[in-house]
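# Chains, contacts and geometry: an overview
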Amino acid sequence: AKASASAGKPGSPLDELIDPSVLECLNQDDRQPVQRAFEDGDAFLASDAEVDHELLVKVQFTQPVKLSAIRILAGPDSSSAPTVVKVFQSRPTIGFDDAADEEPTQELV
């Protein structure tokens, strides 16, 4: 992602505050790794079709941030868009079972 002088200011993109070394996505299609989804260009994130359609994306920031929005771009096939997004705060080791059983910090439907 491009660096921005306004990163960290209210309403500005937080791309440069994402720690790419710890980006992780459970159940990703290895041909479309999660790091590419946070870069400029046409890259996208896809699930491993042979396993399941659910993804669990883990993003850590280099400093405390306050999220006011999450932008998810889907392709022309609307079935590729998520139907539910759950946000869990301060849970770097969360797995699918935990995400299914625990209350999220916020749920977007």
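Residues numbered from 1 in each chain as written. Predicted model: local features only at pLDDT ≥ 70, side-chain atom pairs only at ≥ 80, totals over all residues. Heavy atoms only, no water.

### A closer look at the overall build of the chain
Check the secondary structure of the chain and you find two helices and four strands. In sequence order, the chain lays out its α and β elements as β-α-β-β-α-β. Out of the 109 residues in the chain, the part that is buried amounts to 18%. Within the chain, counting contacts between residues at least 6 apart in sequence, those at least 24 apart form 44% of the total. Accessible area for the chain stands at about 8300 Å²; split by element, carbon and sulfur atoms hold 49% of it. (Helix = DSSP H or I, 4+ residues; strand = E, 2+ residues; numbered from the N terminus. Buried < 20%, exposed > 50% of the residue type's maximum accessible area, 1.4 Å probe, protein only. Contact = heavy atoms within 4.5 Å. Areas by Shrake-Rupley, 256 points an atom, 1.4 Å probe, with all protein chains shown as cover.)

### Here's the deal with the confidence of the model for the chain
Per-residue confidence for the chain averages 84 on the pLDDT scale, and 89% of its residues sit at or above 70. Considering only residues more than four positions removed or in separate chains, one finds that residues 1-5, a stretch of pLDDT under 50, has eight contacts. (pLDDT = per-residue confidence, 0-100.)

### A short note on the side chain of Asp29
Structurally, Asp29 is set in the loop between β1 (24-26) and α1 (34-37). Given the relative accessible area of 13%, Asp29 is considered buried. Look past the residues within four positions of Asp29 in its chain and what remains in contact with it is Ala46, Ser47 and Asp48.

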